[in-house]
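# Architecture and fold: a report
Given next are the chains, with one letter for each unit.
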Amino acid sequence: MSRSPMIVRTLPALRRALDGFRARRVKTALVPTMGALHDGHVSLVRLAKRRARKVVVSIFVNPTQFAPTEDFGSYPRTWKADVARLAAEGVDLIWNPDVKTMYPAGFATRIVPGGPAMAELEDRFRPHFFAGVATVVGKLFTQVRPDFAIFGEKDFQQLQVVTRMAGDLDLGVKVLGSRTVRECDGLAMSSRNIYLTPAERQVAPVLYRAMKESATRLRAGDDIKAVLAGGAELITEAGFVLDYFEARHAESLAPIASVKDGPVRILVAARLGKTRLIDNLGV
Ligand code: PAF
């Protein structure tokens, strides 16, 4: 039977609720989200529940990680369905601050990450993105002070950035990555998939196919440049505008010349019509 999570919208109420958890000396896990929850988010919540007795999910569409030209205004907001999903998963608390609570008048401090945030992948195409993510996640970590925080591997560079930041700033949070959840045809689940037209939705799994075929060829010892060129061609021929299709070291995100320099991760970002999709796969 599902029970309703506590819904908290102010910092004093959040502190009171968390004091209650801490009085019971139980571990707490945080799953940061922007809502529009899908099965991928549910898998993050399930991992959180395996790690901690109390699970907090934040729902906050963070304006600072969107450029003015991006989809902050139209980002899907599905509050009622989100609460129902989280209740069904037995989440304890939903932290749902408004923009003024997160960024009060005069707010002037940003966390600007280096290292993995400068890998020339997402940062090259969305230069505003990681400072916005690091600042909001840094705030969520200090507000909730969880023992664990769970992020999806789908946003692979984000996972590296947040892990680095939590360590660098001694935030005392163990960041865990959770495997990407895919549709039956391989498309990675994403809140933005609803932007795809039915025709685009048919084409979208090409990203996964290109990564899978490339991973197979790399494992077989094919030349990395030729493999990546083949993957890129498959994607563009399907109608995408490609931002990048790259093989990188899975930990440092540094470019690699050979799979022997691995572990290797293939990372892709491409636009199909108005929708920008990202994905990645281990080799
Ligand atoms: O991955 C997301 O949904 C967001 O970037 C995050 C981590 C919740 C920060 O706003």
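Use the structure listed above.
Quick summary incoming for the structure in this document. (Residues numbered from 1 in each chain as written. Predicted model: local features only at pLDDT ≥ 70, side-chain atom pairs only at ≥ 80, totals over all residues. Heavy atoms only, no water.)

## Observations concerning the packing of aromatic side chains
Which entries qualify depends on this criterion: The aromatic pairing rule takes the rings of Phe, Tyr and Trp, using the six-membered ring of Trp, and pairs them if the centres are within 6.5 Å, calling planes under 30 degrees apart stacked, those over 60 edge-to-face and the rest tilted. Accessible area is worked out with a 1.4 Å probe on protein chains only. A residue is then buried under 20% of its type maximum, exposed over 50%, and partly exposed in between. Cation placement over rings: the criterion is NZ of Lys or CZ of Arg within 6 Å of the ring centroid and within 35° of the ring normal.
Inspection of the entire model under this criterion finds seven aromatic pairs. Geometrically, the ring pair formed by Phe-66 and Tyr-75 is edge-to-face, given 5.9 Å between the ring centres and 75° between the ring planes. Both residues of the pair, Phe-66 and Tyr-75, count as buried. Here the guanidinium or amino end of Arg-77 rests over the ring plane of Phe-72, the centre of that ring lying 5.0 Å away.

## Concerning the site of the ligand
Put simply, the rule is: Nearness is judged by heavy atoms alone; a residue qualifies as near a molecule or strand once a single heavy atom is within 4 Å of it. Two N or O atoms form a polar contact when they lie within 3.5 Å of each other; inside protein one atom must be a possible hydrogen donor and the other a possible acceptor, and for residues adjacent in sequence the pair counts only when both atoms belong to side chains. The protein chains shown are the only cover counted for residues, whose accessible areas, like all others here, come from Shrake-Rupley with a 1.4 Å probe. Under the DSSP-based scheme used, a helix requires at least four consecutive residues in state H or I and a strand at least two consecutive residues in state E, with every element numbered from the N terminus. Each residue is assigned to one class: nonpolar for Ala, Val, Leu, Ile, Met, Phe, Trp, Tyr, Cys and Pro, charged for Asp, Glu, Lys and Arg, and polar for all the others, Gly among them.
Surveying the vicinity of the ligand reveals the residues Pro-32, Thr-33, Met-34, Asn-62, Gln-65, Val-133, Val-136, Phe-151 and Gln-158. Between Gln-158 and the ligand, the recorded distance is 2.8 Å, taken from a side-chain N or O atom to an oxygen atom. In the complex, 88% of the free accessible area of the ligand, which totals 290 Å², lies under the protein chains. Of all the secondary structure elements, the ones that give two or more residues to the shell around the ligand are strand S2 (28-33) and helix H6 (129-144). Here the residues of the shell around the ligand are counted per class, giving five nonpolar, four polar and no charged.

## Overview of the sheet that holds strand S4 (residues 93-95)
The cut-off we apply is this: Strands are labelled as partners when DSSP assigns at least two bridges between them. Axis definition: a line fitted to C-alpha atoms, limited for helices to the stretch in contact. Angles are taken between N-to-C directions and run from 0 to 180 degrees. Should any heavy atoms of two residues lie within 4.5 Å, those residues are counted as being in contact.
The strand order across the open sheet formed by six strands is S1-S4-S3-S2-S5-S6, and the pairing between neighbours is parallel. For this open sheet the edge positions go to strand S1 (6-8) and strand S6 (174-178), each flanked by a neighbour on one side alone. Going from strand to strand, the sheet's axes swing by 25° on average, the running direction of each strand aside. Of the strand pairs in this sheet, S2 and strand S3 (residues 54-59) are connected by six bridges, and their pairing is parallel. Note on S3: the bridge partner recorded for Ala-29 is Val-55. Strand contacts of helix H3 (residues 79-88): S1, S3 and S4, with the helix running at about 170° to S3, the strand carrying the most contacts. Packed onto the sheet, H6 meets S2, S3, S4, strand S5 (148-152) and S6 and runs at close to 150° relative to S2.

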